[in-house]
Amino acid sequence: MLKKLNIKMLILSICLMISIVSCSFGKNINQLNISDSRSNLTNSEETETVIHFAAANNNDYINKAIKQFNEADNGYHIEVVEYDHTLDDNDDSLNLTDFDLIENIINKNDIDFVISWAFAEETNYKNLQQKGAFTDIYKFMENDEEINKNTLNSHILQLNEVNGELCSIPTFYTAYTLAGNPEYVGTKANWTIDELTAHWEQMPDNATISKAGTKENVYYTLLRDNLELFIDYKNGIVKFDSDDFRKTLEFCNSFEYNDREKTEYDYEAPDFCYECRISSFMDIASLDIGSANPEITFVGYPSSDGKGAYLRSYSDSFSICAGSDENKQKGAWEFIRTFFTEEWQEENVLTYSDRSKGYASQNAFCMNNQANENIKNNTVNKKYSPPNFESKGETITVQFPALDDCNALEEYINSINRWEVRSCDDISDIVEDEVFAYFADEISIDECISRIQNRVSILISEIS
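Predicted model, so just to flag it, every value in this text is computed and none were measured.

Q: Sorry, what's going on with the layout of surface pockets here?
A: It is a probe the size of a water molecule, rolled over the atoms, that shows where empty space is left. Computed from the structure, the largest pocket encloses a volume of approximately 590 Å³. Lys126, Gln130, Leu159, Trp419 and Glu420 are, among the 26 residues lining the largest pocket, the residues nearest its centre. At the level of secondary structure, the elements contributing two or more residues to the lining of the largest pocket comprise α6 (122-130), α8 (154-159), β4 (161-162) and β7 (231-232). The dominant element in the lining of the largest pocket, judged by the number of residues it contributes, is α6, at 5 residues. Its residues assigned to classes, the lining of the largest pocket shows 8 nonpolar, 9 polar and 9 charged.

Structural data, given as structure tokens:
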């Protein structure tokens, strides 16, 4: 059950939101009528335990899994409670499309388990995890011989813990970092802002960052996708007044301002570093990262501890509501666990271009250890792609990573100790507004930071 203190904090937060925002936001929610949908069940279904699943715009594999689960003789029946994230174009109020979902989880206990994309803002999902809204999934793994801490990636499980409890579980994951040529960024994995600056000072005058050299472009590369570094949802505080943010912002401001106009990339100039999303073993083909002379260094986003790279869920994560009764929680786990079997993970992490020949691309990394190992070995053994193909009359040879390269990649990914969600749009908009005003010399850096700190602090206090 939820801790009483956490319930009170959430209720207080909800009440605050009600006092701030007009009730008109409710028209943006399209929730299924649970009582009406029950009238359509057959007699056999009425004897089953009904489990309410919060979702939004389910894709084919989720709908297929629900259908198979409901047709099985397992004593449970899943009913989907769907939330519509579409906002009225004329609605200028604060985006609170998740309000009904939060209320149904906390106050009404109408939801038994959720999928992450049920939330319009993933930060709301993260907040509920911090507040104790979801039960510990580890307890369902204890007696599960197939899906447990040993068969799943224990590092990713640990990063999704809250106070030692597994409050959410992602099906797949990807890594986010910065990367560059070792000649420019050195060979040390991950760096601080001071190390970034020191290496940059050695670059030629025409050097670029992500193929361009404007304040906006450097901000997009170094900060835009790393704003979560400066937010502590657990304690409801922000840290945009930190030295890391200030120094990085000053570095961005040392470039030319392009008034937010489209940038012409300079592909001939030396490129210092660039954003790197790692989602497959093929991403490192030809980079020789497992050799003594790698072609690339993963340097992470600049941070004071030199640990700026982070991991993020790909596709979906699941959580089981703490307010749901024990039997419904057990049924929810019986459904969720099907997405973590070796067979399901290996099949669904791939997008097939020619299924008859087994040609496919990997979309992310598997939580199931054996499935991930199978994907790695199949990639190394060239099973997912032809050795070459024709393009505009030319024969293109496909490059594949060696096993040492894949192992080096896994070693780097397993060294990343940050798990982040996508920043809510309101936070991104606030930061960008003030940062670009600073870039345009409309405000000082002190005023810029103060404005961001104050505005985002208010927003976080409302949603935390």
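Q: What exactly am I supposed to notice about the packing of aromatic side chains here?
A: Note on aromatic pairs: each is described by the distance of the centres and the angle between the planes. This structure, assessed with the given rule, holds 33 aromatic pairs. On the numbers, 5.2 Å between centres and 10 degrees between planes, the contact of Tyr176 with Tyr310 is stacked. Of this pair, Tyr176 sits in strand β6 (residues 169-180) while Tyr310 sits in strand β11 (residues 310-320), and the two are 134 residues apart along the sequence. Neither residue differs from the other here; Tyr176 and Tyr310 are each classed as buried. Look at Tyr301 and Tyr310: their rings are 5.7 Å apart centre to centre, the planes differ by 20 degrees, and that puts the pair in the stacked class. Residue Tyr301 is classed as buried on the basis of its relative accessible area, which comes to 1%. Judged by its relative accessible area of 1%, Tyr310 falls in the buried class. Within the aromatic cluster, the residues linked to one another by ring pairs are Phe53, Tyr61, Phe69, Phe113, Phe172, Phe318, Phe335, Phe339 and Trp344. Between the NZ or CZ atom of Lys149 and the centre of the ring of Tyr138, over which it lies, the distance is 4.1 Å.

Rules of the game
- Residues numbered from 1 in each chain as written.
- Predicted model: local features only at pLDDT ≥ 70, side-chain atom pairs only at ≥ 80, totals over all residues.
- Heavy atoms only, no water.
- 1 Å grid on protein atoms, 1.4 Å probe; cavity = no way out; pocket = protein on both sides within 12 Å on 5 of 7 lines; lining within 4 Å.
- Points joined across faces, edges and corners; volume = space filled by probe spheres on them.
- Helix = DSSP H or I, 4+ residues; strand = E, 2+ residues; numbered from the N terminus.
- Nonpolar A, V, L, I, M, F, W, Y, C, P; charged D, E, K, R; others polar.
- Phe/Tyr/Trp six-rings, centres within 6.5 Å; stacked < 30°, edge-to-face > 60°.
- Buried < 20%, exposed > 50% of the residue type's maximum accessible area, 1.4 Å probe, protein only.
- Lys NZ or Arg CZ within 6 Å of the ring centre and 35° of its normal.

So far we have only geometry, and geometry alone does not tell us how the molecule works.
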